[in-house]
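If you want the building blocks of each chain, they are given just below.
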Amino acid sequence: MTDDQQAESVEEPDAAEAEEPEDVEADAEEVEEESGLQQGDFVRIAYTMRTIPEEDDEEGMVVDTTDVEVAEEADIDTDEYEFEPRIIILGEGHVFEAVDEALVGSEPGDSGTVTIPAAEAFGEVDEDEIRTVSASKIDEDDRYPGAQVQVDGEQGRIETIIGGRARVNFNHPLAGEDLEYDYEVLEVIDDRTEKAKGLLGLYLQQTPELWIQTDEVEEEVEVESDDEDEDAEPEYETETVEKETLYIEATPQMTMNQQWLFSKQQIAQDVMNRLDLDRVIVQETIDGMGGMMGGMGGMMGGMGGAAPEDIEDAMDDVDLDDVDVDADEIAEELDADLDEE
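Starting afresh in each chain, residues are numbered from 1 along the sequence in its written order. With pLDDT at 70 or above as the cut-off, local features in this predicted model cover only qualifying residues; side-chain atom pairs require 80 or more to be listed or tallied, and sums for whole chains, interfaces and linings still use all residues. The basis for every side-chain value is the complete set of heavy atoms in the structure, and neither hydrogens nor water enter the calculation.

Before going further, it helps to examine the side chain of glutamate 244. Inspection of the secondary structure puts glutamate 244 in strand E11 (residues 235-250). Polar contacts involving the side chain of glutamate 244 include one to the side chain of arginine 192, which spans 2.4 Å. Here, two residues are considered to be in contact whenever any of their heavy atoms come within 4.5 Å of each other. Those residues in contact with glutamate 244 that sit more than four places away from it in its chain are Arg192, Ile212, Gln213, Thr214, Asp276, Leu277, Asp278 and Arg279. Helical segments are the DSSP runs of H or I of at least four residues, strand segments are the runs of E of at least two, and each set is numbered from the N terminus. Here a polar contact means two N or O atoms within 3.5 Å. Within protein one must be a hydrogen donor candidate and the other an acceptor candidate, and residues neighboring in sequence count only if both atoms are side-chain atoms.

Here nine bridges tie strand E1 (residues 42-51) to strand E9 (residues 179-188), and the two strands are oriented antiparallel to one another. Its bridge partner lying in E9, arginine 50 is registered against glutamate 180. Both strand E4 (residues 111-116) and E9 contribute to a ladder of six bridges, which runs antiparallel. Bridging across to E9, isoleucine 116 finds its partner in leucine 179. A strand pair is defined by DSSP finding two or more bridges across the two strands.

Here three strands make up an open sheet; going across it, the order is E10-E11-E12 and the pairing mixed. Bordering the open sheet on either side are strand E10 (209-223) and strand E12 (279-284), each of which pairs with just one other strand. When strand polarity is set aside, the average angle formed by the axes of neighbouring strands in this sheet is 35°. Here E11 pairs with E12 via six bridges, running parallel. When the bridges of E12 are listed, alanine 250 appears paired with glutamate 284. Only the stretch in contact is used when fitting a helix axis, every axis being a line fitted to C-alpha atoms; angles between N-to-C directions are given from 0 to 180 degrees. Each of E10 and E11 touches helix H4 (residues 192-204); the most contacted strand, E10, lies at about 100° to it.

The pLDDT value expresses, per residue, how confident the predictor is, ranging between 0 and 100. Residues with a pLDDT of 70 or more make up 73% of the protein chain, whose mean pLDDT is 81. Contacts from residues 294-304, a stretch scored under 50 in pLDDT, to residues over four places away or in other chains number zero contacts.

Below is the structure:
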């Protein structure tokens, strides 16, 4: 072996050793990048979003919050919505993209503030969306500056109104506003029932009572046949299968919710896909008013069409020794009721 060959054989192991730390370092970086919250994770967060005021000594307007005390201070109606920490899914557009990016890699207990420019929030103000319309298109009770109105199917806000013309701003009410988003990561959600509550909460702004259970259901299953005749009728047999079922106890508020009324099939399908469920069953309970009132209502309703003399004749057939009532008194009361009508 020549001197050059010997030198090369000595150098090769050194080169391999030099590369090894780089690989280890790359693996470490990869592990570090994947730690903490990741896209697709269900996470419960508390947050408050405000506009950023132009003056430093002013406080921004509360746009959204999970804190009931903050909502009350901002004069937000606390009866209409549930103010409590919410479950979101990272990467699904449930929060602004800048907030999503801040949450990736974080851990429960972490908190922070994200500034969202107007262009990435509700957009900049578009001057073309501020238009003059005929005041006749606006209800008389809403013809004043600041009123929220519907004109030709568009939602807008009246800026000025003079005579028969109104200047209406059809931009989003928060267009042109930079936002400040304060958040705290509370916990990662792994339980499927809690995930279901979070999903329905996102859709409906409320969380009905619900639970998940495994049901045994009988189904008609097609049986494979050895018959080579393509026109042969398929054969079926009854088979018991297990189905993962989400039960939802519907409330009056839920059944009247516009989002649920028009999109319940899509909502249920999304929940089933995300939580690996087979079906969703929505239950509605209607409480009665009591058997006695129902029975009396039917009885009195049947008597309502009878004339007083008919009632007296009917009462004559009753053995009053067995009944502690005064037939003449009842007939007189009914006569008086009819005279009043």
